[in-house]
Amino acid sequence: MTNSITTHGSAQNQAIYIGTDEDILEAVRVSIATKYSLEAVSEVPHVWPEDVSLALLEFDGDVDVALERINSVLTLGKGVSLYVLLKRKNVDFIIEANHQGVQGFIECPGEVLHILSILHMQDRRRQGKNGNVSSFFSLKGGVGCTALATNMASHLTELTDGRTVLVDLNMPLGDTSLYLNMENQRLYSLTDFVYNLNRFDENLIYKSLSRHESGLYVLSLPSEVSELDNLNGELIKTIIHSLRRYYDHVVIDCASDLSDLTLSCLDESDNIVLVAEPSLSSFRAVNTAIKLTQTLGYLKDSLKLVLNRSASQQDEMLEEVVKDMDVDTVVRVSNDYRGFNDSLKEGCLLKDYQPDSVANFQLKRLANLLHNGASLPEMETPAENVRRPRQNRWWLTFGKRMFKRMGEPKTSGHLNEKTMVS
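Everything quoted here is computed from the prediction, not taken from an experiment.

Thresholds applied
Residues numbered from 1 in each chain as written. Predicted model: local features only at pLDDT ≥ 70, side-chain atom pairs only at ≥ 80, totals over all residues. Heavy atoms only, no water. Buried < 20%, exposed > 50% of the residue type's maximum accessible area, 1.4 Å probe, protein only. Helix = DSSP H or I, 4+ residues; strand = E, 2+ residues; numbered from the N terminus. Contact = heavy atoms within 4.5 Å. Pairing = 2+ DSSP bridges. Axes fitted to C-alpha atoms, helices over the stretch in contact; angles between N-to-C directions. pLDDT = per-residue confidence, 0-100. Core = buried A, V, L, I, M, F, W, Y, C linked by side-chain atoms within 4.5 Å. Left-handed = near helix turned anticlockwise from the far one by under 90°. Phe/Tyr/Trp six-rings, centres within 6.5 Å; stacked < 30°, edge-to-face > 60°. Salt bridge = Lys/Arg side-chain N within 4 Å of Asp/Glu carboxyl O.

1. Some details on helix 13 (residues 337–346)
Phase 1: For helix 13, the set of buried residues is G339, F340, D342 and S343.
Phase 2: Check the buried side of helix 13 and you find it contacts helix 5 (145–159), helix 14 (350–353) and helix 15 (358–372).
Phase 3: Phi turns positive one or two residues past the end of helix 13, at G347, with a value near 75°.

So, in structure tokens, the structure goes:
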């Protein structure tokens, strides 16, 4: 019953790929498989396919041919979102293509595996929305919130090309700097941020905040606990609003309480990540938190339950408790206490210490779910602590199955869910 993500199913959108590069085509197909069904053609079709909402066009350096195809797609497609896959960079072409109406450009091969992230952020910006906010929260301490938040943020850093910030609000003594091996550094803190709040622009904010070697930006708690006295709920909201203007994803490690500061974080969150471990006392705390979100009127879709330290054979009673919780998305992270603990001792993140572990793959998949609203393509779960052989083709690592189905949707009176288990 381990290693699962439980979510409602969703209908697939239609996309069309125009080009002849088989490797890029396959990478695109795998990368967007959770949201799009892909049709491939070598030329722009004379009769535009029905229900196509996304078009992806190769650019290999021939400017005239590419511009002609862009014009044809935008004329025939009438409102279709068109993105160009850049096999070669050409500034003049990009400027002209942008003037014609291309929505965005994806560099090959580096950005192909992040297509959903790029599409997602472009959609949010067109709707006047800024970066995502994900708050990791539990009313019961010791369930692994900080470990999950720091390691999750490192995966989001890769998804957002370095535009992720981790905010430590686990007052009064947060541990994110410990998990990131930055506790001996002079870190830019929340009080520093508040002091400079009115001075920030895009250049200054990236120079000011502390940065982990992985590329993750960090906003830590002040070293003096007394400095926290001036923080309040409205100020926390102002900080979050400011951060999401500049960062594609803001990850918050919340305190295990219901203070005004914690509730302000939850108010501003696109994802409220409720963390539990497989014990009745932890589930009780989660159930209380779920009822609170209902009382406060939070969107049910924003709730994600992460069952940390999940074992291969859970107690049946605990499994029934999980199924009966009023939350649509349930994620299981394998019990890898030793891996997390040893990586902490070594001063590195799990993805660097044990990149091929089951838990690391699950965290990577959860990061994609939080940022893109869809989990990664299904992959085969590697054996615990065993390194996988390197594939010759850069896209093949995304092409294997990790999750298999378990169970059937429950009947009325319980959550109607489809479950994928690795």
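Moving on from the model shown.
2. Digging into the sheet that holds strand 3 (residues 36–41)
Phase 1: Across the sheet, which stays open at both edges, the five strands sit in the order 3-2-4-5-6 with parallel pairing between neighbours. At either margin of the open sheet sits one strand with a lone partner, and together these are strand 3 and strand 6 (104–107). The sheet shows a mean angle of 25° between the axes of neighbouring strands, taken without regard to direction.
Phase 2: Here strand 2 (residues 13–18) pairs with strand 3 via six bridges, running parallel. What sits directly across from A15, in strand 3, is L38.
Phase 3: Helix 1 (residues 22–31) contacts strand 2, strand 3, strand 4 (52–59) and strand 5 (81–86) of the sheet and is inclined by roughly 165° relative to strand 3.
Phase 4: Running at roughly 175° to strand 4, helix 2 (residues 63–77) makes contact with strand 2, strand 4 and strand 5 of the sheet.

3. Some points on the confidence of the model for the protein
Phase 1: Chain-level statistics for the protein give a pLDDT mean of 81 and a share of 83% at 70 or above.
Phase 2: Across the protein, the element-wise mean pLDDT spans from 31 in strand 15 (residues 404–406) up to 96 in strand 11 (residues 249–254).
Phase 3: In the model, residues 378–422 has pLDDT below 50 throughout and makes 117 contacts with residues more than four positions away in sequence or in other chains.

4. Remarks on the nonpolar core
Phase 1: Counting residues in each nonpolar core, the largest one holds 48 residues, and the members touching the most others are F193, L209, L243 and Y247.
Phase 2: By residue number, the principal contributor to this core is helix 9 (residues 233–246), which donates six residues.
Phase 3: Ranked by size, the runner-up nonpolar core spans 31 residues in total, among them F136, A147, V218 and V251.

5. Side note on the packing of helix 9 against helix 10 (residues 260–267)
Phase 1: At a minimum axis distance of 8 Å, the contact between helix 9 and helix 10 shows a crossing angle of 35°. Helix-helix and strand crossings are classified by hand; for helix 9 and helix 10 the assignment is right-handed. Together, G233, E234, I236, K237 and I240 of helix 9 and D260, L261, S264, C265 and D267 of helix 10 make up the contact between the two elements.

6. Comments concerning the packing of aromatic side chains
Phase 1: By the definition in use, this model includes five aromatic pairs.
Phase 2: For the pair Y206 and Y247, a centre-to-centre distance of 5.1 Å together with 70° between the ring planes defines the contact as edge-to-face. Of this pair, Y206 sits in helix 8 (residues 202–208) while Y247 sits in the loop between helix 9 and strand 11, and the two are 41 residues apart along the sequence.

7. So, the pattern of salt bridges
Phase 1: Overall, the coordinates contain 15 salt bridges when judged by the stated rule.
Phase 2: The salt bridge involving K351 is made with E158; its shortest N-O contact spans 3.5 Å. Highlighted residues: K351 in helix 14 and E158 in helix 5, separated in sequence by 193 residues.
Phase 3: Overall, K351 belongs to the buried group, its relative accessible area being 14%.

8. Notes on the environment of L366
Phase 1: Position of L366 relative to the elements: it lies in helix 15.
Phase 2: L366 sits 60 residues away from V306 along the chain, and the two C-alpha atoms are 9.2 Å apart.
Phase 3: Those residues in contact with L366 that lie beyond four places of it in its chain are M152, V306 and V331.

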